[in-house]
Amino acid sequence: MSLLDELVDSDFVKISRSPDFDHFRSIEGLGEASSIPLDCRDFAASFASLRLKACTIYLQRTFPRILQVQYSTTGAIVGLLMDDAASLILNGVEARAPAFLLVRGSAKCEIVEQQSNLVAFVNFDSIDDRGWPGELDRAQLIATEPAKLEALRTTLHDVLKLASHSPDTLAQPDVIESIEESILQVVDLAMAAASPAFEAKRLSLSHYLALVRKFDEFVAVNAGKTLYSADVARQLGVSVRTLHNAVVAIRGMSIHRYMRLRRLWNVRQQLLRGASPQSIKAVALVNGFWHMGEFTALYRELFGETPQQTLSAARKNTGSQS
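Below: a short report on this structure. Keep in mind that what you see is a predicted model, and the values were worked out from it rather than measured. (Residues numbered from 1 in each chain as written. Predicted model: local features only at pLDDT ≥ 70, side-chain atom pairs only at ≥ 80, totals over all residues. Heavy atoms only, no water.)

**What to know about unusual backbone geometry**
Item 1. Cis rather than trans, the peptide bond between Ala 97 and Pro 98 has omega equal to 10 degrees.
Item 2. Following the sequence through the fold, Pro 98 ends up in the loop between strand 7 (93-95) and strand 8 (99-113).
Item 3. Even without being a glycine, Asp 137 presents a positive backbone phi close to 60 degrees.
Item 4. Mapping Asp 137 onto the fold places it in the loop between strand 9 (118-124) and strand 10 (138-143).
Item 5. Owing to a relative accessible area of 48%, Asp 137 belongs among the partly exposed residues under this scheme. (Helix = DSSP H or I, 4+ residues; strand = E, 2+ residues; numbered from the N terminus. Buried < 20%, exposed > 50% of the residue type's maximum accessible area, 1.4 Å probe, protein only.)

**Quick notes on helix 4 (residues 175-194)**
Item 1. With 20 residues, helix 4 should reach 28 Å at 1.5 Å per residue; the first-to-last C-alpha distance of 29 Å fits that figure.
Item 2. With 16 of its 20 residues buried, helix 4 lies for the most part within the structure. (Expected span 1.5 Å × (residues − 1).)

**Concerning the pairing of strand 9**
Item 1. Along strand 9, 7 of the 7 residues are buried, which leaves the element largely enclosed by surrounding structure.
Item 2. Alternating residues of strand 9 divide into Leu 118, Ala 120, Val 122 and Phe 124 and Val 119, Phe 121 and Asn 123, and every residue in both groups is buried.

**Regarding the pattern of salt bridges**
Item 1. Scanning all chains against the criterion turns up 16 salt bridges.
Item 2. In this structure, Lys 161 engages Glu 6 in a salt bridge whose closest nitrogen and oxygen atoms are separated by 3.1 Å. Of this pair, Lys 161 sits in helix 2 (residues 146-165) while Glu 6 is found in helix 1 (residues 3-6), placing the two residues 155 residues apart along the sequence.
Item 3. The exposure class assigned to Lys 161 is partly exposed, which follows from its relative accessible area of 25%.
Item 4. Of the charged contacts in the structure, one is a salt bridge between Arg 51 and Asp 125, with a shortest N-O distance of 2.7 Å. Highlighted residues: Arg 51 in strand 3 (residues 46-51) and Asp 125 in the loop between strand 9 and strand 10, separated in sequence by 74 residues.
Item 5. Of the residues examined, Arg 51 reaches a relative accessible area of 39% and is grouped as partly exposed.
Item 6. When salt bridges that share partners are traced, they join Asp 84, Glu 150 and Arg 153 into one network. (Salt bridge = Lys/Arg side-chain N within 4 Å of Asp/Glu carboxyl O.)

**What to know about the nonpolar core**
Item 1. One finds Leu 50, Val 78, Phe 124, Trp 132 and Ile 183 to be the most contacted residues of the largest nonpolar core, which totals 44 residues.
Item 2. Setting aside residues no more than four positions away along its own chain, Phe 124 makes contact with Ala 54, Cys 55, Thr 73, Thr 74, Gly 75, Ala 76, Val 78, Trp 132, Ile 183, Leu 184 and Val 187.
Item 3. Among the nonpolar cores identified, the runner-up in size contains 21 residues, and Leu 81, Ala 86, Val 103 and Ala 107 belong to it. (Core = buried A, V, L, I, M, F, W, Y, C linked by side-chain atoms within 4.5 Å. Contact = heavy atoms within 4.5 Å.)

Take a look at the structure:
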């Protein structure tokens with residue numbers, strides 16, 4: 001069973017299933033498209049859409065066809081094949097994993113699919129200050145590392161499953177923003193793996209050091225708040241790409257891992273204070289962790305115990321001192 005078969009309509013996820021080619025409906029949110037089927041047997045085209053606040057996710061099961069599409073976006077469209085067996089021809093170039101599509105602005109594409117594929121798209125309303133490659137009004141294939149593409153696939157899989165089967169979680173404050181930040185993080189890393197040097201002029205190490213120090217000061221001043229990389233970079237007057245390069249050079253890890261590390265520490269401090277009357281899930285959500293299974297695993301890996309063990313010990317200590 002594919003991911004699309006597992007999804008159901010919810011307050012956030014909308015599913016469109018076409019019984020045959022005559023009733024097939026293109027994804028209007030990506031632009032204007034027309035399809036010529038190459039094989040209508042066992043037709044099972046469908047798609048799911050998830051509208052968040054600053055982006056929309058689409059998951060589509062396609063069919064053998066010639067597709068003419070005019071992609072159009074105010075920000076950027078990222079398209080990817082959801083399994084390694086999938087393939088298509090984009091403007092005469094074979095597209096296979098770990099390559100993915102990037103469109104900024106508007107671009108016309110000629111696509112040939114000899115087989116049914118499971119494809120995901122993320123349409124970002126804006127990508128200001130992210131430092132992604134690519135020219136405006138052009139579609140291009142970006143070749144990244146397999147692990148980075150798989151991380152993007154996994155994140156989209158988890159987001160769609162959560163929005164479909166646990167929509168109440170997305171209705172809680174700041175959860176959608178945290179989910180969008182998670183998506184941007186994995187796309188950032190996929191872009192970074194594809195093109196290690198996007199900037200025409202690299203900052204010197206001393207400039208990197210000064211920038212990271214400003215970054216740490218900003219995080220300290222805003223302790224207890226959920227911070228997003230684009231907002232931080234904007235406050236510091238640089239692109240997300242520049243800030244990422246600086247953190248890698250000085251801290252030896254990506255900006256996203258570094259910010260996650262700081263958020264995990266913030267969670268621990270709240271749990272050590274007893275976190276009453278909040279639950280562990282509430283504390284995690286406030287700090288930008290919307291995937292509870294992943295959060296627990298990251299917490300255990302870093303601290304050698306589960307969040308529940310930390311909270312239980314803290315409440316026990318508080319009780320013995322009272």
